[in-house]
Amino acid sequence: MSAHDYEDYEKACKNYDEFRLAAGGETELNALRRLGKPLRDLHIADVGCGTGNYTKYFLDNGVGKVSMFDASEGMLRYARTKVADYVAAGRVPHCEQLELPCPIPGGEQRYDAICINFVLHHLGSPDDDLATETFPKAMAAIRNVYDALRKGGLFILLSSLRPQLPHIMWHTSFITDLDDLFNQPIIKFVCGDYNIIERALTKIGFSNMQATVPLHEILLKPHHYYNIDNASDPRFIQSVSTFALIKNRDKNKGTNHMETYFQRLRDSKERNELAAVIEEKETLRKIYGCITAISAEKP
Ligand SMILES: C[S@@+](CC[C@H](N)C(=O)[O-])C[C@H]1O[C@@H](n2cnc3c(N)ncnc32)[C@H](O)[C@@H]1O
């Protein structure tokens, strides 16, 4: 499954920054300290950088250089504007289009760290097979990450893992057949359980894996996340991939679970139950977390 099968980032880019932030960025920054160098001496890459929220966060917090890559020219347009001052200061050596699994520009053994945040679920292929843990496109991308890292460099991956998927946002309470939504082999791989990711990274050659769950973090800007009126705002719906998956499933199966989501939301509001639903879901989110940061070293 490629990004374009269910999420059109040329359209999504317009509303993305209204709702999204660099969730988990602080955890990635802490992982960078494993490198044992001052942050200002690092050159890292943000691959699948989207509108550049993480790149900007890294640069704002003292990382020396960040190169940014994304498949979507629309997302990159926003990214370029966001970090224009850093580009002018020479701290963004690359800001260009790259469709994974193509090799990462900059040369072999170049980067101190490569971050891939909420991207690999777009790298499905018809040959993916969960039983044999075969994921040709995603694995080719991770191999290219390995090659682009210097010795001792870090691959840092942000994803939501399986126990976290029901808690990525309270809105999932109103989604029909949530498990079925995340059924594709690629999602079961990169948003599956930590074991399968650990085995895959080990197969490629990575070692010294660490996984951290920042229980205090949410995926969306808090003032929007907790504003119940946003839950049905088309701009909000367009900025979250989960809704793109629902729309895609509706199209393929002839269902209308998107309308069911809106109806359940309205019903809950009318019955004055919404606050209780949100509180219950938020309690669980703080138990399971909604983000896992995995860092792995190239020996
Ligand atoms: C959910 S967004 C995440 C963006 C950013 N990392 C963030 O978390 O804000 C997924 C991003 O992956 C990019 N993407 C999807 N498939 C890709 C591919 N094959 N190669 C590079 N980028 C890809 C999309 O264009 C989009 O910007």
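Engineer: I'd like to hear about the overall build of the protein chain, residue by residue, with values.
Structural biologist: Broken down by element type, the protein chain carries 15 helices and seven strands. By the compact-globule yardstick of 19 Å for 299 residues, the protein chain fits well, its C-alpha radius of gyration being 19 Å. Considered along the principal axes of its C-alpha atoms, the protein chain spans approximately 55 × 45 × 35 Å. Of all 299 residues assigned to the protein chain, the portion counted as buried reaches 42%. Sequence-distant contacts, at least 24 apart, represent 77% of the contacts inside the protein chain between residues at least 6 apart.

Engineer: So what's going on with the nonpolar core? Which residues, and what values?
Structural biologist: By size, the foremost hydrophobic cluster in this structure holds 81 residues, and its most contacted members are I44, V47, A113, I114, A138 and F155. Residue contacts for I44: discarding those within four places in its chain leaves F58, V63, V66, Y111, D112, A113, I114 and C115. Counting five residues, the second largest nonpolar core, distinct from the first, contains F174, I175, L245 and I246.

Engineer: Can you tell me about the UniProt feature "domain: Methyltransferase type" (unreviewed entry) in the protein chain, naming the residues and giving the values?
Structural biologist: As annotated by UniProt and renumbered to match this structure, "domain: Methyltransferase type" (unreviewed entry) occupies residues 46-155. In residues 46-155, the share of helix is 33% and the share of strand is 23%. The end C-alpha atoms are 10 Å apart.

Engineer: Any details on helix 3 (residues 25-32)? Residues and values, ideally.
Structural biologist: The α-helix winds at 3.6 residues per turn, so residues separated by three or four positions along the chain end up facing the same way. Those residues of helix 3 lying buried are G25, E28, L29, A31 and L32. Buried residues of helix 3, viewed axially, fall in a sector of 155°; they line one side.

Reading the values: rules and limits
- Residues numbered from 1 in each chain as written.
- Predicted model: local features only at pLDDT ≥ 70, side-chain atom pairs only at ≥ 80, totals over all residues.
- Helix = DSSP H or I, 4+ residues; strand = E, 2+ residues; numbered from the N terminus.
- Rg over C-alpha atoms; globule rule 2.2 N^0.38 Å.
- Buried ≥ 20, exposed ≤ 12 C-beta atoms within 10 Å, placed from the backbone.
- Contact = placed C-beta atoms within 7 Å.
- Core = buried A, V, L, I, M, F, W, Y, C linked by C-beta atoms within 7 Å.
- UniProt positions renumbered as here; feature names shortened; annotations may be inferred.
- Arc of directions from axis to C-beta.

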